[in-house]
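Given next are the chains, with one letter for each unit.
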Amino acid sequence: MDNGQILKDPLQTGIPSMRVSAVVPVNFGCHPTSSHRYYNYDDVHLRLYLKAAATEEGFAEYMKQYVLGPEDQEEYMRRVQNQDWSSIQEEKP
């Protein structure tokens with residue numbers, strides 16, 4: 001099946017309830033992106049990701065640190081909170 005239609009208008013894509021087996025609530029489960037009405041996106045962490053993803057090595061390190069490394073959501077959030085944010089420079093216009 002071609003996914004072109006979904007990619008053209010992803011906001012019109014939904015999952016029918018009969019196809020959902022479970023919903024697991026996780027605090028900040030969408031981090032660093034937002035969850036409408038619950039919390040905003042984390043622009044500082046998104047800048048960290050963009051900087052890391054600029055190279056293969058940086059992307060691999062980001063994955064190791066924030067995606068593959070944490071054992072659970074609590075560990076992920078500890079890593080985010082303990083990140084040295086001073087290393088992320090605010091881009092000047």
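See above for the structure.
Here's a quick rundown of the structure.

1. Overview of the packing of aromatic side chains
Thinking step 1. Applying the stated rule across the entire model yields 5 aromatic pairs.
Thinking step 2. Relative to Tyr66, the ring of Tyr62 has its centre 5.0 Å away and its plane inclined at 40°; by these criteria the two rings are tilted. Here the residue Tyr62 and the residue Tyr66 both occupy positions in helix α3 (residues 56-68), the gap between them amounting to 4 residues, near one helical turn.
Thinking step 3. By relative accessible area, which is 8% here, Tyr62 ends up buried.

2. Side note on the packing of α3 against helix α4 (residues 73-81)
Thinking step 1. Contact pair α3 / α4: the axes reach a minimum separation of 9 Å and the direction vectors enclose 130°. The orientation of α3 relative to α4 falls into the category oblique. Each of Lys64, Gln65 and Tyr66 in α3 lies in contact with α4, whose residues at this interface are Tyr76, Arg79 and Val80.

3. Observations concerning the pattern of salt bridges
Thinking step 1. Taken as a whole and assessed by the stated rule, the structure comprises 4 salt bridges.
Thinking step 2. Arg78 is paired through a salt bridge with Glu75; the nearest N and O atoms lie 3.0 Å apart. With Arg78 and Glu75 both in helix α4 and 3 residues apart, this pair spans about one turn of that helix.
Thinking step 3. Glu75 sits in the partly exposed class, given a relative accessible area of 21%.
Thinking step 4. The network of salt bridges with common partners includes Glu75, Arg78 and Arg79.

4. What to know about helix α2 (residues 43-52)
Thinking step 1. Listing the buried residues of α2 in full gives His45, Arg47, Leu48 and Ala52. Down the axis of α2, the buried set is contained in an arc of 155°. They therefore lie on one face.
Thinking step 2. Buried residues along α2 sit against α3 and α4.

5. What to know about a nonpolar patch on the surface
Thinking step 1. Taken together, the side chains of Ile15, Val20 and Val23 define a hydrophobic patch exposed on the protein surface, amounting to about 320 Å² of accessible area.
Thinking step 2. With respect to the helices and strands, the residue Val23 is situated in the loop between α1 (4-8) and α2.
Thinking step 3. Classification of Val23 as exposed rests on a relative accessible area of 70%.

6. Remarks on the side chain of His31
Thinking step 1. Along the chain, His31 turns up in the loop between α1 and α2.
Thinking step 2. One polar contact links His31 to Asp42, side chain to side chain, over a distance of 2.8 Å.
Thinking step 3. For His31, the contacting residues outside a window of four places in its chain are Tyr39, Asp42, His45, Tyr76 and Val80.

7. Structural notes on the packing of α2 against α3
Thinking step 1. Following both chains from N to C, one finds α2 and α3 inclined at 135°, their axes separated by 7 Å at the closest point. For the element pair α2 / α3, the angle class is oblique. For the pair α2 and α3, the contacting residues are His45, Leu48, Tyr49 and Ala52 in the first and Gly58, Phe59, Tyr62 and Tyr66 in the second.
Thinking step 2. Class assignment for the residues of the contact of α2 with α3 results in 6 nonpolar, 2 polar and no charged.

Each value, and the rule that gives it
Residues numbered from 1 in each chain as written. Predicted model: local features only at pLDDT ≥ 70, side-chain atom pairs only at ≥ 80, totals over all residues. Heavy atoms only, no water. Phe/Tyr/Trp six-rings, centres within 6.5 Å; stacked < 30°, edge-to-face > 60°. Helix = DSSP H or I, 4+ residues; strand = E, 2+ residues; numbered from the N terminus. Buried < 20%, exposed > 50% of the residue type's maximum accessible area, 1.4 Å probe, protein only. Axes fitted to C-alpha atoms, helices over the stretch in contact; angles between N-to-C directions. Parallel < 35°, antiparallel > 145°, perpendicular 65-115°, else oblique. Contact = heavy atoms within 4.5 Å. Salt bridge = Lys/Arg side-chain N within 4 Å of Asp/Glu carboxyl O. Arc of directions from axis to C-beta. Patch = residues over 30% accessible without salt bridge, like charges linked within 9 Å, V, L, I, M, F, W, Y side chains within 5 Å. Areas by Shrake-Rupley, 256 points an atom, 1.4 Å probe, with all protein chains shown as cover. Polar contact = N/O pair within 3.5 Å; in protein donor to acceptor, adjacent residues only side chain to side chain. Nonpolar A, V, L, I, M, F, W, Y, C, P; charged D, E, K, R; others polar.

So yeah, pure geometry; function would need other evidence.
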